[in-house]
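# Overview (structure and organization)
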Amino acid sequence: MHSASPVYVLMLIDSCIHFGWLEMAHDILNDMDAAGDLTGFTQHMALLTAYYSREMFKEAKALL
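Residues numbered from 1 in each chain as written. Predicted model: local features only at pLDDT ≥ 70, side-chain atom pairs only at ≥ 80, totals over all residues. Heavy atoms only, no water.

## A few points about a nonpolar patch on the surface
A surface patch of nonpolar side chains, about 360 Å² in accessible area, is lined by Phe19, Trp21 and Met24. The topology assignment puts tryptophan 21 in the loop between helix 1 (6–18) and helix 2 (22–34). (Patch = residues over 30% accessible without salt bridge, like charges linked within 9 Å, V, L, I, M, F, W, Y side chains within 5 Å. Areas by Shrake-Rupley, 256 points an atom, 1.4 Å probe, with all protein chains shown as cover. Salt bridge = Lys/Arg side-chain N within 4 Å of Asp/Glu carboxyl O. Helix = DSSP H or I, 4+ residues; strand = E, 2+ residues; numbered from the N terminus.)

As structure tokens, then:
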């Protein structure tokens, strides 16, 4: 993910959430955070909402 543009990465996260690939979206967000890129606030909130809607409370807590 380090060679991709930030806009592309954010679109990828949105797509993962849309298709229900929540763990993949979470992994990408973790990679962004580790790289010091904190631009994914909207994607964090979308993923948190998706976790709660699917009753994945353990994962939602980990995201927080």
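## Points about the packing of aromatic side chains
On inspection of all chains with the given rule, the structure shows two aromatic pairs. The interplanar angle of 50° and the centroid separation of 5.5 Å between the aromatic rings of tyrosine 52 and phenylalanine 57 together place this pair among those described as tilted. With relative accessibility at 41%, the residue tyrosine 52 sits in the partly exposed group. Phenylalanine 57 gets classed as partly exposed once you look at its relative accessible area, which sits at 45%. (Phe/Tyr/Trp six-rings, centres within 6.5 Å; stacked < 30°, edge-to-face > 60°. Buried < 20%, exposed > 50% of the residue type's maximum accessible area, 1.4 Å probe, protein only.)

## Some words on helix 3 (residues 41–53)
Between its first and last C-alpha, helix 3 extends 18 Å over 13 residues, near the 18 Å set by a 1.5 Å rise per residue. Where helix 3 is concerned, the buried positions are Gln43, His44, Leu47, Leu48, Ala50 and Tyr51. Buried residues of helix 3 fall within an arc of 160° about the axis and therefore sit on the same side. With respect to the buried face of helix 3, the exposed residues turned more than 90 degrees away are Phe41, Thr42, Thr49 and Ser53. Looking at the buried side of helix 3, the elements it contacts are helix 1, helix 2 and helix 4 (57–63). (Expected span 1.5 Å × (residues − 1). Arc of directions from axis to C-beta. Contact = heavy atoms within 4.5 Å.)

## Here we look at the environment of lysine 61
Within the secondary structure, lysine 61 is located in helix 4. Note: C-alpha distance between lysine 61 and proline 6 (55 residues apart in sequence) is 25 Å.

## Points about the packing of helix 1 against helix 3
For the pair helix 1 and helix 3, the least separation of the axes is 10 Å and the interaxial angle reads 10°. As judged from the angle between their axes, helix 1 and helix 3 are roughly parallel. In contact with Leu10, Ile13, Asp14 and Ile17 of helix 1, helix 3 contributes Gln43, Ala46, Leu47 and Ala50. (Axes fitted to C-alpha atoms, helices over the stretch in contact; angles between N-to-C directions. Parallel < 35°, antiparallel > 145°, perpendicular 65-115°, else oblique.)

## A few points about the side chain of histidine 44
Within the element layout of this structure, histidine 44 appears in helix 3. Only 3.3 Å separates the side chain of histidine 44 from the side chain of aspartate 33, close enough to count as a polar contact. (Polar contact = N/O pair within 3.5 Å; in protein donor to acceptor, adjacent residues only side chain to side chain.)

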